[in-house]
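An overview of the molecular structure
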Amino acid sequence: MTVKTSAGRFHVAWTGDFKADDGSPRFRERGVDVFAAYPHIEQSMFDEHRPVIGADQIGSAQGVIVLAPRVTAASLAGSDDLLAIGRFGVGFDNVDVEACTSADVVAFITAGSVDRSVAEATIAWMLALTHHLRTKDSLLRSGRWNDRSAYMGSELRDRTLGVVGLGGIGRKLVELLAGFGMNQPLAFDPLVDPAIAASLGVRLVELDELMAAADFVSIHCPLNHQTRGLIGRGQLGRMKSGAWLINTARGGIVDE
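The shown structure was predicted, so the numbers you read here are calculated from the model rather than taken from an experiment. (Residues numbered from 1 in each chain as written. Predicted model: local features only at pLDDT ≥ 70, side-chain atom pairs only at ≥ 80, totals over all residues. Heavy atoms only, no water.)

1. A word on the packing of aromatic side chains
All told, the structure shown has four aromatic pairs when counted by the stated rule. Pairing tryptophan 14 with phenylalanine 18 gives two aromatic rings, centres 5.0 Å apart and planes at 90°, and the pair type is edge-to-face. An angle of 85° between the planes, with centres 5.0 Å apart, marks the rings of phenylalanine 18 and phenylalanine 88 as edge-to-face. Taken together, the residues phenylalanine 18 in the loop between strand S1 (10-14) and strand S2 (41-45) and phenylalanine 88 in the loop between strand S4 (84-87) and helix H3 (97-102) connect sequence positions 70 residues apart. Classification of phenylalanine 18 as buried rests on a relative accessible area of 0%. (Phe/Tyr/Trp six-rings, centres within 6.5 Å; stacked < 30°, edge-to-face > 60°. Helix = DSSP H or I, 4+ residues; strand = E, 2+ residues; numbered from the N terminus. Buried < 20%, exposed > 50% of the residue type's maximum accessible area, 1.4 Å probe, protein only.)

Written out as structure tokens, the structure is:
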């Protein structure tokens with residue numbers, strides 16, 4: 001893929017995994033309308049999806065919008081026109097930020113774009129797990145209605161939430177759960193301003209204390225060198241019987 005960009009034009013390329021195998025868009029709305037007001041912006045899509053972006057795919061693009069492929073130093077080699085790598089989502093774990101810095105390429109994410117949706121998904125899991133939703137659905141579909149009494153649910157009320165990572169998603173989760181009558185939420189986040197936690201009614205604690213006290217441990221931190229394997233055998237062993245671990249962040253944070 002090579003697109004000649006004339007003077008005064010800005011070429012934005014999308015990675016190949018934005019389209020399905022049949023060529024149709026994977027996402028109903030990718031936000032491309034934002035470019036409509038800027039006729040000097042040209043758009044194209046990689047011809048194929050590769051696990052790692054190739055320098056030949058970037059070509060003359062000044063900006064690349066990335067879904068899943070990794071961006072490495074080799075991806076940026078020879079891409080003299082490239083100015084920006086934008087992740088379609090959050091997290092930098094598939095982008096070599098140091099390589100981008102060395103190549104004078106800005107790397108950015110869409111911070112805040114999924115705060116509410118992931119927080120709502122977390123609450124959906126909390127409710128589904130405590131009320132045995134999947135089991136009861138299966139019983140009903142198989143005609144075993146009377147067996148439901150063996151799977152009594154429990155409320156969120158008077159339970160304790162422990163948030164690992166009090167960023168945008170963690171804060172939205174605390175906000176949305178405020179009406180469920182739960183105990184004061186706990187959070188482990190060495191980087192958060194204590195004043196922010198206090199304004200949310202959250203008590204900051206060390207990770208071991210959170211793991212031992214929480215009925216729901218919900219992970220919302222990024223995956224990086226500090227957090228890879230953050231939750232391992234020792235932390236899991238501190239959880240009380242019947243507690244739930246919910247990870248809507250990156251899998252590598254938990255040593256499975």
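We are not done yet, so read on.
2. Digging into the pattern of salt bridges
Enumeration over the complete set of coordinates arrives at 12 salt bridges. Of the charged contacts in the structure, one is a salt bridge between aspartate 93 and arginine 250, with a shortest N-O distance of 3.0 Å. Residue aspartate 93 is found in the loop between S4 and H3, and its partner arginine 250 is found in the segment after strand S10 (244-247); the two are separated by 157 residues along the sequence. Exposure remark for aspartate 93: the relative accessible area of 36% places this residue in the partly exposed category. Residue class for arginine 250 comes out partly exposed when judged on its relative accessible area of 28%. (Salt bridge = Lys/Arg side-chain N within 4 Å of Asp/Glu carboxyl O.)

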